[in-house]
Amino acid sequence: MIINPADALVLAQDGNALTAITDFIAAWPAMWPNLWISTQDTIYMVWWATVFSVLFGLPLGVLLVATDKGGLIPAPVVRAVLSAIVNIGRSLPFIVLMVAVLTLTRFLVGTTLGPTAAIVPLSIGAIPFFARLVETALREVDREVIEAAHAMGTRKFTIVGKVMLPEAMAGLIAGLVMTVVTLISYSAMAGAIGGGGLGDLAIRQGYQRFDDHYLWATVILLIIIVQVAQSLGDLLVRRLSRR
């Protein structure tokens, strides 16, 4: 039987792909201990960076709305300064930000290497990002609801905590999920300067040692983490939207 050269090429490529998949599956048990440690490091970095992003980004976003013209405490100069800080923080590429804050990281943590050190630039990069998302979510709150609370003599701080934030909760959760997904990608980049996690493993074992199995494995795990975070966030947003 005569086989067309083009068909032979397709068969060879299919065979190579099948062999590559088989080799990858066979190598998984040996890679798993390193992958599991790196996955834990990634989750650790993202978790604490998310906590700090909420602690600092949420009040910053509230201030951006409250100090705007027509806000609860109009202060155009203050808002302009805060907005400029947020814009600067968002404009810096994360890889540049990591290098720029190395001195601060060493001062706060005592080292520039490892997952704990990576939390510093991750938080600094995510805080202005989340603050803008908070600002956007709060601006979607019905002004009539805020004005009604204000007309009843409700204190401004109470309006924020009992009216604005609950009304914007679905948007805030959606913004938080977006921030978490962004932090996961940032954490992978942190591996470029020894930040640990899956990104660091991909660079050390995959790129520098030319091990494609580690590259594929880290990509798969990062995709899984993102999908889990996004799915849980979407579920929570849908439940809040039905209320």
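Residues numbered from 1 in each chain as written. Predicted model: local features only at pLDDT ≥ 70, side-chain atom pairs only at ≥ 80, totals over all residues. Heavy atoms only, no water.

A few points about the overall build of the protein
- The secondary structure content of the protein amounts to ten helices and zero strands.
- Walking the protein from its N terminus toward its C terminus, one meets helices and strands in the order α-α-α-α-α-α-α-α-α-α.
- The C-alpha atoms of the protein give 23 Å as radius of gyration, which overshoots the globular expectation for 243 residues (18 Å, by more than 25%).
- For the protein, with 243 residues in total, the buried portion stands at 40%.
- Sequence separation of 24 or more characterises 74% of the internal contacts of the protein that already satisfy a separation of 6 or more.
- Summing over all exposed atoms, the protein offers an accessible surface of approximately 14000 Å²; the carbon and sulfur share of this is 68%.
- For the protein, the distance from the average position of its 16 positive side-chain charges to the average position of its 15 negative side-chain charges is 14 Å. (Helix = DSSP H or I, 4+ residues; strand = E, 2+ residues; numbered from the N terminus. Rg over C-alpha atoms; globule rule 2.2 N^0.38 Å. Buried < 20%, exposed > 50% of the residue type's maximum accessible area, 1.4 Å probe, protein only. Contact = heavy atoms within 4.5 Å. Areas by Shrake-Rupley, 256 points an atom, 1.4 Å probe, with all protein chains shown as cover. Lys, Arg positive; Asp, Glu negative; His and termini not counted. Charge placed at Lys NZ, Arg CZ, Asp CG, Glu CD.)

A few points about helix α7 (residues 156-167)
- Taking 1.5 Å as the rise per residue, α7 with twelve residues should run 16 Å; its terminal C-alpha atoms sit 15 Å apart, in good agreement.
- Residues of α7 that are buried include every one of Ile159, Val160, Val163, Met164 and Leu165, and no others. (Expected span 1.5 Å × (residues − 1).)

Points about the side chain of serine 187
- Examined against the element boundaries, serine 187 turns out to sit in helix α8 (residues 169-190).
- Look at serine 187 and you get buried, because its relative accessible area is 1%.
- What serine 187 contacts, discounting residues up to four positions off in sequence, is Thr42, Met45, Val46, Leu122 and Gly196.

Notes on a nonpolar patch on the surface
- A grouping of Tyr44, Trp47, Trp48, Phe52, Leu55 and Phe56 is seen on the molecular surface, where their side chains present a nonpolar patch of about 640 Å² in accessible area.
- Structurally, tryptophan 48 can be placed in helix α1 (residues 5-66).
- Note on tryptophan 48: relative accessible area 36%, which makes it partly exposed. (Patch = residues over 30% accessible without salt bridge, like charges linked within 9 Å, V, L, I, M, F, W, Y side chains within 5 Å. Salt bridge = Lys/Arg side-chain N within 4 Å of Asp/Glu carboxyl O.)

Regarding the packing of aromatic side chains
- Inspection of every chain in the model, using the stated rule, returns three aromatic pairs.
- A ring pair is formed by phenylalanine 94 and tyrosine 186, whose centres lie 4.4 Å apart and whose planes are at 0 degrees; its orientation type is stacked. Of this pair, phenylalanine 94 sits in helix α3 (residues 94-100) while tyrosine 186 sits in helix α8, and the two are 92 residues apart along the sequence.
- According to the relative accessible area criterion, tyrosine 186 is buried, its value standing at 17%. (Phe/Tyr/Trp six-rings, centres within 6.5 Å; stacked < 30°, edge-to-face > 60°.)

Digging into the nonpolar core
- Counting 28 residues, the largest nonpolar core has Met31, Leu35, Phe94, Leu122, Leu183 and Ile184 as the members making the most contacts within it.
- Counting only elements with at least two residues in this core, the list comes to α1, α3, α5 (115-139), α8, α9 (197-207) and α10 (212-241).
- Counting residues per element, this core draws most heavily on α1, at seven residues.
- In this structure, phenylalanine 94 is in contact with Pro121, Leu122, Tyr186, Met189 and Ala190, ignoring residues within four places of it in sequence.
- Among the nonpolar cores identified, the runner-up in size contains 18 residues, and Val65, Ala137, Ile146 and Val163 belong to it. (Core = buried A, V, L, I, M, F, W, Y, C linked by side-chain atoms within 4.5 Å.)

Considering the confidence of the model for the protein
- Averaged over all residues, the pLDDT of the protein equals 83, while 92% of them reach at least 70.
- Within the protein, helix α6 (residues 143-151) has the poorest average pLDDT of any element, 75, and α5 the best, 91.
- Across residues 1-14 the pLDDT falls below 50, and counting only partners more than four positions away or on other chains, this stretch makes one contact in the model. (pLDDT = per-residue confidence, 0-100.)

Describing the packing of α6 against α7
- For the pair α6 and α7, the least separation of the axes is 10 Å and the interaxial angle reads 140 degrees. One finds that α6 runs oblique with respect to α7. Between α6 and α7 lies a crossing of right-handed hand. Between α6, through Val145, Ile146, Ala149 and His150, and α7, the contact on the second element is made entirely by Lys156, Ile159, Val163 and Met164.
- Considered class by class, the residues forming the contact of α6 with α7 number six nonpolar, one polar and one charged. (Axes fitted to C-alpha atoms, helices over the stretch in contact; angles between N-to-C directions. Parallel < 35°, antiparallel > 145°, perpendicular 65-115°, else oblique. Left-handed = near helix turned anticlockwise from the far one by under 90°. Nonpolar A, V, L, I, M, F, W, Y, C, P; charged D, E, K, R; others polar.)

Details of the environment of glutamate 140
- Along the chain, the position of glutamate 140 falls in the loop between α5 and α6.
- By relative accessible area, glutamate 140 is classed as exposed at 63%.
- Along the sequence, glutamate 140 and leucine 232 sit 92 residues apart, while their C-alpha atoms lie 23 Å from each other.

Quick word on the packing of helix α4 (residues 102-109) against α5
- α5 packs onto α4 with a crossing angle of 125 degrees between their chain directions and a minimal axis gap of 9 Å. With respect to α5, the axis of α4 lies oblique. Relative to α5, the crossing made by α4 is right-handed. Note on element contacts: α5 touches α4 through Thr116, Ala117, Val120, Pro121 and Ile124, opposite Leu104, Thr105, Leu108 and Val109.

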